[in-house]
Amino acid sequence: MFHSTNPNPSKLALVPFVSVDNMMKIVNTIGASKVIAEIAEYIEADFLRWDMFDKTPRVAAHSKEGVIELMPTSDGETYGFKYVNGHPANMARGFQTVNAFGVLARVDNGYPVLVSEMTILTALRTAATSAVAAKHLAPKNARIMGMIGNGAQCEFQALAFQQIVGIDTVKLFDIDSKATQKAARNLSDSGLTVISCKTAEEAVAGTQIITTCTADKQNATVLTDNMIGSGIHINAIGGDCPGKTELHRDILLRSDIFVEYPPQTRVEGEIQQLDDDHPVTELWQVMTGQTQGRTSDNQITLFDSVGFATEDFSALRYIHDQLQPTGHFVELDLLADPDDPRDLFGMVQRAKTNSSSN
Ligand code: NAD
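Residues numbered from 1 in each chain as written. Predicted model: local features only at pLDDT ≥ 70, side-chain atom pairs only at ≥ 80, totals over all residues. Heavy atoms only, no water.

Comments concerning the pattern of salt bridges
Test applied: Salt bridges are defined by distance alone: a side-chain nitrogen of Lys or Arg within 4 Å of a carboxyl oxygen of Asp or Glu.
On inspection of all chains with the given rule, the structure shows 18 salt bridges. Three or more residues are tied together by salt bridges with common partners; here these are Asp46, Arg49, Asp75 and Arg317.

This is how it looks when you write it as structure tokens:
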């Protein structure tokens, strides 16, 4: 159960708010890699109590430019949701492809206990989820990852796989060489060996893990079947919307496919290209040991990631736990809180009197 972080008990209705500025302070105080590893622990802990969560596919409003989504969940004590968009054409217009903010609230009285930016937090939690999945699915001793798509998510993914999976080398490719240069520059003091590549084929050669995180509102073919050797783990995060996929269908047919929540992934993920009854394994089943993840050296494993509400819930839970230790938040006057709960109108009237007498 979350309690107010407010030191002034007469102002219980103030809600902690983590702005973009304060999120960056939290990340820089703790360190990006450590934050990702700690969020990964929260994500894994919540996957282990999967049954406790209210689960529903996210509510999506599609347009020809992109999508705006609401992602709600609750564990019975705490409720959370994220607002997130995905607009692939935004980057060319100077906007982020993905923007987000989110809320945690107490189930017992409905009062929010946290409002937070989630654009940075989404990148952190997506990377953490990818790496947690890879910990169970990638070949043991995987050291080299190919990264196709070097936009906003890229460096977070690279750091997560370094920290949690133990990769030491990342091979970058993007159709826009400026994106690759940006990512290589940002990762230059990460301790990773960074290799910039001129083609996707070059970026995947000799790797044990391939991450695809491109943004294009179409059924793209970022990877073709001939690029995928046996034993590879594919972490496919960019195909996350109806009509927006990254992998050739033949790759899916050769892979063992792992997903977050099938009712959402069948609509949004790479598996929208397959029949509705194509077998997939849920990640929580692997984490709890109910099912095995990787079972052989030759197996191609595919994490068909679309992003699920519980991961945002876990990330918000983590940020809530960092409020007191870091102090990086402000308080929002978000909730009307009359002394007599029924006297909402009177509170408005008294505010008028107070402001005219000032
Ligand atoms: P971004 O726009 O910042 O970066 C995307 C990059 O992909 C760009 O640099 C672009 O040049 C490159 N690209 C496009 N087509 C390509 C191709 N065919 N080959 C190589 N590079 C190509 O976007 P982002 O914020 O990094 O997000 C990447 C993708 O991940 C988006 O599709 C987004 O919707 C998705 N995403 C998924 C999750 C999840 O949980 N699964 C979470 C966040 C974002």
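Examining the packing of aromatic side chains
Under the convention used in this document: Stacked, edge-to-face and tilted are the three classes for Phe, Tyr and Trp ring pairs, Trp counted by its six-membered ring, which pair at centre distances within 6.5 Å; planes under 30 degrees apart are stacked, over 60 edge-to-face, the rest tilted. Each helix corresponds to a stretch of at least 4 residues labelled H or I by DSSP, and each strand to a stretch of at least 2 residues labelled E; elements are numbered beginning at the N terminus. Each residue is assigned to one of three classes by its accessible area relative to the maximum for its type, calculated with a 1.4 Å probe on protein chains only: buried under 20%, partly exposed between the two thresholds, exposed over 50%.
In the structure shown here, the tally under the stated rule is 8 aromatic pairs. Considering the side-chain rings of Trp50 and Phe308, the 5.6 Å spacing of their centres and the 45° angle between planes classify their relative orientation as tilted. Placement of the pair is Trp50 in the loop between helix 2 (32–47) and strand 2 (59–62) and Phe308 in the loop between strand 16 (301–304) and helix 10 (309–326), with a sequence separation of 258 residues. Of the residues examined, Trp50 reaches a relative accessible area of 4% and is grouped as buried. We classify Phe308 as buried; its relative accessible area is 1%. An aromatic cluster is present here, built from Phe47, Trp50, Tyr261, Trp284 and Phe308 joined pairwise through their rings.

Re the pairing of strand 1 (residues 15–18)
Keep this limit in mind: DSSP-based pairing: two strands are paired if at least 2 bridges between them are found.
Alignment of strand 1 against strand 17 (residues 330–332), held across 3 bridges, turns out to be antiparallel. Its bridge partner being in strand 17, Phe17 is matched across the sheet by Val330. Note: strand 1 against strand 6 (residues 112–117), 2 bridges, orientation parallel. Bridge pairing in strand 6 links Phe17 to Val115.

Here we look at the site of the ligand
Put simply, the rule reads: Definition of nearness: a residue and a molecule or strand are near each other if at least one heavy atom of the residue lies within 4 Å of the molecule or strand. N or O atoms closer than or at 3.5 Å make up a polar contact, with two conditions inside protein: a donor-capable atom paired with an acceptor-capable one, and, for residues adjacent in sequence, both atoms drawn from side chains. Every accessible area reported is derived by Shrake-Rupley at a probe size of 1.4 Å, with residue values counting cover from the shown protein chains alone. Note on residue classes: Ala, Val, Leu, Ile, Met, Phe, Trp, Tyr, Cys and Pro are nonpolar, Asp, Glu, Lys and Arg are charged, and everything else, Gly too, is polar.
Around the ligand sit 25 residues, and of these Thr97, Asp174, Thr214, Asp240 and Lys244 come closest. Take Asp174: an N or O atom from its side chain is 2.6 Å from an oxygen atom of the ligand. Burial of the ligand by the protein chains amounts to 91% of its free accessible area of 860 Å². For the shell around the ligand, a count of residues per class yields 11 nonpolar, 9 polar and 5 charged.

Topic: the sheet that holds strand 4 (residues 78–86)
Which entries qualify depends on this criterion: Note on method: axes are straight lines fitted to C-alpha atoms, helices fitted across the in-contact stretch only, with angles between N-to-C directions ranging 0 to 180 degrees. Contacts were defined at the residue level, with two residues in contact if any of their heavy atoms lie within 4.5 Å.
One open sheet holds the 7 strands; their spatial order is 2-3-4-5-6-1-17, and the pairing between them is mixed. Across the chains shown, the open sheet's two edge strands, defined by having one partner strand only, are strand 2 and strand 17. Strand-to-strand, the axes of this sheet are offset by a mean angle of 20°, without reference to chain direction. On the sheet, helix 1 (residues 20–30) packs against strand 1, strand 6 and strand 17 and is oriented at approximately 75° with respect to strand 1. Across the sheet, helix 3 (residues 119–137) is in contact with strand 3 (67–74), strand 4, strand 5 (100–106) and strand 6; its angle to strand 6 comes to roughly 90°.

Side note on the packing of helix 2 against helix 10
Stated precisely, the cut-off is as follows: What sets the label is the angle itself: under 35 degrees gives roughly parallel, over 145 gives roughly antiparallel, 65 to 115 gives roughly perpendicular, and the rest give oblique. Working rule for handedness: look at the near helix, and if it is turned counterclockwise from the far one by less than a right angle, call the crossing left-handed; if clockwise, right-handed.
Where helix 2 contacts helix 10, the two axes come as close as 9 Å, and the packing angle between them is 125°. The angle between helix 2 and helix 10 falls in the class oblique. Pair helix 2 / helix 10 crosses with right-handed handedness. Between helix 2, through Val35, Glu38, Ile39, Tyr42, Ile43, Ala45, Asp46 and Phe47, and helix 10, the contact on the second element is made entirely by Thr310, Glu311, Phe313, Ser314, Ala315, Arg317, Tyr318 and Asp321. Each residue belonging to the contact of helix 2 with helix 10 can be placed in one class, and the counts come to 9 nonpolar, 2 polar and 5 charged.

Describing the packing of helix 1 against helix 3
Contact geometry for helix 1 and helix 3: axes closest at 9 Å, N-to-C directions at 35°. Along the contact surface, helix 1 presents Val20, Met23, Met24 and Val27, while helix 3 presents Ile120, Leu121 and Leu124. Partitioning the contact of helix 1 with helix 3 into residue classes produces 7 nonpolar, no polar and no charged.

What to know about unusual backbone geometry
Most peptide bonds take the trans form, and the phi angle of most residues other than glycine is negative. Within the chain, Asn141 stands out as a residue other than glycine whose phi angle is a positive 65°. Here Asn141 shows up in the loop between helix 3 and strand 7 (144–148).

Things to note about the sheet that holds strand 10 (residues 209–212)
A sheet is described by the order of its strands in space; here 8 strands give the open sequence 9-8-7-10-12-16-14-15, paired in parallel fashion. Edge positions in the open sheet fall to strand 9 (193–196) and strand 15 (281–282), since each of these has one partner strand only. Where strand 10 meets strand 12 (residues 233–236), 4 bridges bridge the pair, whose relative direction is parallel. Bridge assignment links Ile210 to a residue of strand 12, and that residue is Ile234. Strands in contact with helix 3 are strand 12, strand 14 (256–259) and strand 16; relative to strand 16, the strand with the most contacts, it is inclined by about 155°. In the packing of helix 5 (residues 177–186) onto the sheet, contacts are made with strand 8 (169–173) and strand 9, and the angle to strand 8 comes to roughly 160°.

Description of the environment of Ala128
Mapped onto the fold, Ala128 is located in helix 3. You can call Ala128 buried: its relative accessible area is 0%. Between the alpha carbons of Ala128 and Glu41 there is a distance of 8.6 Å; along the sequence they are 87 residues apart.

As for the environment of Thr199
Turning to its location among the elements, Thr199 is positioned in the loop between strand 9 and helix 6 (200–204). Sequence-wise, Thr199 and Ile148 are 51 residues apart; in three dimensions their C-alpha atoms are separated by 9.3 Å. A polar contact is formed between the side chain of Thr199 and the backbone nitrogen of Glu202, at a distance of 3.0 Å.

Limitation: the analysis is restricted to geometry and does not speak to function.
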